[in-house]
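Report on the structure
The lines below spell out each chain.
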Amino acid sequence: MKEKIRLLTLDDFIETYCKVKQRGLDFILSKFTFNKNSRTKSAFDTDKKNVSNWWDVPDVEKRWNKLITGHSNKNFKEYLIHKYFAEFKNLKVLSLGSGSCLHELELAEYSIFNEILCIDIAENELKKAKKISKKKNLTNIDFLVKDIYNYDFPEDYFDIVIFNSSLHHFKNLETLLANKVKPTLKNGGHLIINEYVGSDRLQFPKKQIKAINEALQLVDKKYRKRSSTNLYKSHYYGCGILRMYIADPSECVESSKILKAIHQNFTIIEEKGFGGNILMGVLKDIAFHFKDLNSRKKEILNELFQYEDDYLESNPSDYIIGIYQK
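Below is a summary of the structure that appears in this document. All figures in this text were calculated on a predicted structure; none of them were measured in a lab.

Check the secondary structure of the protein chain and you find 13 helices and seven strands. For a compact globule of 326 residues, the expected C-alpha radius of gyration is about 20 Å, and the protein chain comes in at 20 Å, within 12% of that figure. C-alpha atoms of the protein chain, sized along the principal axes, occupy 55 × 50 × 45 Å. In the protein chain, buried positions account for 52% of the 326 residues. Contacts in the protein chain between residues far apart in sequence, at least 24 positions, make up 80% of those at least 6 positions apart. When the accessible area of the protein chain is evaluated, it comes to approximately 16000 Å², of which 52% is carbon and sulfur surface.

The subject of this paragraph is helix α9 (residues 206-216). Buried within α9 we find Gln-208, Ile-209, Ala-211, Ile-212, Asn-213, Ala-215 and Leu-216. The inward-facing, buried residues of α9 contact α12 (279-283) and α13 (295-312).

This part takes up the packing of aromatic side chains. This model, assessed by the stated rule, comprises eleven aromatic pairs. Look at Trp-64 and Phe-274: their rings are 5.6 Å apart centre to centre, the planes differ by 65°, and that puts the pair in the edge-to-face class. Taken together, the residues span a long stretch of sequence, with Trp-64 in helix α4 (residues 58-69) and Phe-274 in the loop between β6 (267-273) and α12 at a distance of 210 residues. By relative accessible area, which is 16% here, Trp-64 ends up buried. Grouped by ring-pair contacts, the aromatic residues Trp-54, Trp-64, Tyr-196, Phe-274 and Tyr-319 constitute a single cluster. Taking NZ or CZ as reference, Lys-92 lies 5.5 Å from the ring centre of Tyr-157, over its face. Taking NZ or CZ as reference, Lys-221 lies 5.1 Å from the ring centre of Tyr-232, over its face.

What the second largest pocket holds in volume is close to 230 Å³. Lining of the second largest pocket is provided by 14 residues; of these, Val-197, Gly-198, Ser-199, Pro-316 and Asp-318 occupy positions nearest its centre. Here the lining of the second largest pocket is composed, by residue class, of five nonpolar, seven polar and two charged.

Looking now at helix α5 (residues 76-85). When α5 is considered as a whole, its buried residues turn out to be Phe-76, Lys-77, Tyr-79, Leu-80, Ile-81 and Phe-85. For α5, the capping residue at the N-terminal end is Asn-75, with a side-chain oxygen 3.0 Å from the backbone nitrogen of Lys-77.

Counting 59 residues, the largest nonpolar core has Phe-113, Val-282, Leu-283 and Leu-304 as the members making the most contacts within it. The contact partners of Phe-113, leaving out residues within four places of it in the chain, are Ile-81, Leu-91, Val-93, Leu-107, Asn-140 and Ile-160.

How each quantity is defined
- Residues numbered from 1 in each chain as written.
- Predicted model: local features only at pLDDT ≥ 70, side-chain atom pairs only at ≥ 80, totals over all residues.
- Heavy atoms only, no water.
- Helix = DSSP H or I, 4+ residues; strand = E, 2+ residues; numbered from the N terminus.
- Rg over C-alpha atoms; globule rule 2.2 N^0.38 Å.
- Buried < 20%, exposed > 50% of the residue type's maximum accessible area, 1.4 Å probe, protein only.
- Contact = heavy atoms within 4.5 Å.
- Areas by Shrake-Rupley, 256 points an atom, 1.4 Å probe, with all protein chains shown as cover.
- Phe/Tyr/Trp six-rings, centres within 6.5 Å; stacked < 30°, edge-to-face > 60°.
- Lys NZ or Arg CZ within 6 Å of the ring centre and 35° of its normal.
- 1 Å grid on protein atoms, 1.4 Å probe; cavity = no way out; pocket = protein on both sides within 12 Å on 5 of 7 lines; lining within 4 Å.
- Points joined across faces, edges and corners; volume = space filled by probe spheres on them.
- Nonpolar A, V, L, I, M, F, W, Y, C, P; charged D, E, K, R; others polar.
- Polar contact = N/O pair within 3.5 Å; in protein donor to acceptor, adjacent residues only side chain to side chain.
- Core = buried A, V, L, I, M, F, W, Y, C linked by side-chain atoms within 4.5 Å.

If you want it as structure tokens, here you go:
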């Protein structure tokens, strides 16, 4: 049975208020334009630090590392490089939708990479990344402000194409992967993804929303106070499709089709899920409480991790690390 699309929810109003408190009224006003690209850029192209995201929690990152690499202090980049690319030299890498380029700047410190090109429409993010690269004297990384739909992909040129939390922002995935990404890779080249592959537009099924709310009750009330507000998070209602479209028209536009499109065009080398089905919804706007831990907060996180593990036993992971070959 097909799930009913949510047009508006109470969370839409609550989170809009939270965004005003966290990022200012100007951020909200930036959404009132008919230019889709402008609305998308405003979601990422900002100097204001948002400390309410689940990926800001150090123990969450350690959990991801453990699920992907088997070691809490080894990230997926180290894991993939040492397992698959350690013997290579002069590799050329294309990162599409690279954003702040934190991952790419890390890759640039490995001598096996001769050329790394980061492409994104978020000009401010790329400017900051370029300053960091100059400070670190990294000469093998470059930055291009461009919409990838207008990028002239060179044929048979790159050894690796990376989508790091960006592929879920692109539409017409089959065309992009088959006609752009695949031809730009050399024979035997690799596609690497670190991606959300769950429900389109975050329209979670009822059972997932029910599970998120059950998990939310594991969190003490004082740790459910929302970032930069006096509001407490007592219930998760999910995102309405209208707010998703206004906030960022590209967000999770065809996310549920990602794996199918990749599998049709590439050979799976390795694919691992690292959850997010429960934690993303629970920790949204309250994650800042768990950046510094005491014994009680550590206990709560462990309970949340176990709850998500139990959920994943019978449900596919919303987040995937994958390496594929042309």
